[in-house]
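Listed below, chain by chain, are the residues.
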Amino acid sequence: ADFIQYWIELSIDKHILLASGKGNNGGNALTAGRILAGRGYKNISVLMSHSQDAMKGVAAEQFELFLKFGGKVTTFEQAMKLPADTLVIDGLLGTGISRSPAGAVGDL
């Protein structure tokens, strides 16, 4: 969140899309989104690889907080209609993946 706000200096009205998996990386993306929403960024949405019911632990907690801070859930079709300069935060996979993405994550 700090990198986006202070290094990229992203305008507060630009669109931000979080691509979120159900694990820790998804939780990290949601945390960044929640913090940015708390700092006044208005157009933040999340594209989830799984249903919110599949999220557990900290990721599930951050998802709920993200929504409380004004974040929105979007569909793949809606995400494809976002402006070309939308900032995407990738929270789908971590560094430990040892194969090609498959299933819902691979589809994204």
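Anyway, here's the lowdown on the structure attached to this text. (Residues numbered from 1 in each chain as written. Predicted model: local features only at pLDDT ≥ 70, side-chain atom pairs only at ≥ 80, totals over all residues. Heavy atoms only, no water.)

Some details on a nonpolar patch on the surface
The line we're drawing: Exposure above 30% relative accessible area and the absence of a salt bridge qualify a residue for a patch, where like charges join within 9 Å and nonpolar side chains (Val, Leu, Ile, Met, Phe, Trp, Tyr) within 5 Å. Values of accessible area rely on a 1.4 Å probe in the Shrake-Rupley scheme; residue burial ignores everything except the protein chains shown. Any Lys or Arg side-chain nitrogen located within 4 Å of an Asp or Glu carboxyl oxygen qualifies as a salt bridge. Every helix listed is a DSSP run of H or I at least four residues long, and every strand listed is a run of E at least two residues long, numbered separately from the N terminus.
A cluster of nonpolar side chains, namely Phe3, Tyr6, Trp7 and Ile8, defines an oily patch on the protein surface of about 540 Å² accessible area. Following the sequence through the fold, tyrosine 6 ends up in helix H1 (residues 2-8).

What about the side chain of threonine 74?
Filter applied, for reference: Whenever two N or O atoms come within 3.5 Å, that pair is a polar contact, provided that in protein one can donate a hydrogen and the other can accept it, and provided that, for residues adjacent in sequence, both atoms are side-chain atoms. Throughout, a contact is declared for two residues whenever any of their heavy atoms are within 4.5 Å.
When you line up the elements, threonine 74 lands in strand E3 (residues 72-74). Polar contacts involving the side chain of threonine 74 include one to the side chain of glutamine 78, which spans 3.0 Å. The residues touching threonine 74, leaving out its near neighbours within four places in the chain, are Leu17, Ser45, Val46, Leu47 and Ala79.

Points about unusual backbone geometry
Inclusion rule: Three exposure classes are used, based on accessible area relative to the maximum for each residue type with a 1.4 Å probe and protein chains only: buried under 20%, partly exposed in between, and exposed over 50%.
Phi is positive for glutamate 9, close to 55 degrees, though the residue is something other than glycine. Along the chain, glutamate 9 falls in the loop between H1 and strand E1 (15-20). Residue classification places glutamate 9 among the exposed positions, given a relative accessible area of 62%.

Describing the nonpolar core
Short version of the rule: Each nonpolar core is a collection of buried residues, namely Ala, Val, Leu, Ile, Met, Phe, Trp, Tyr and Cys, held together in the definition by side-chain atoms within 4.5 Å.
Residues Ile16, Leu18, Leu30, Leu36, Ile44, Val46 and Ile89 are the most contacted members of the largest nonpolar core, which totals 19 residues. For this core, the elements supplying multiple residues, two or more each, are E1, helix H2 (24-38), strand E2 (43-48), helix H3 (57-68) and strand E4 (87-91). No other element matches H2, which puts 5 residues into this core. Not counting residues up to four positions away in its chain, the partners in contact with leucine 36 are Ala1, Ile4, Ile16, Tyr41, Ile44 and Ile89.

Some words on the sheet that holds E3
Note the threshold: Two strands pair under a simple rule: DSSP has to find at least two bridges between them. For helices, the fitted axis covers only the stretch in contact; all axes are lines through C-alpha atoms, and the angles between them, taken along N-to-C directions, range from 0 to 180 degrees.
Sheet architecture is open: 4 strands sit in the order E3-E2-E1-E4, paired in parallel fashion. Two strands lie at the open edges of the sheet, namely E3 and E4, each paired on one side alone. Between one strand axis and the next, the sheet turns through 30 degrees on average, direction left out of account. When E2 meets E3, the two strands line up parallel, connected through 3 bridges. The partner of serine 45 across the bridge, within E3, is lysine 72.

What to know about the environment of leucine 87
Looking at the element boundaries, leucine 87 is found in strand E4. When the C-alpha positions of leucine 87 and isoleucine 44 are compared, they lie 9.5 Å apart, and in sequence the two are 43 residues distant. Those residues within four positions of leucine 87 in sequence are excluded, and the remaining contacts are Ile4, Ile8, Leu10, His15, Ile16 and Leu17.

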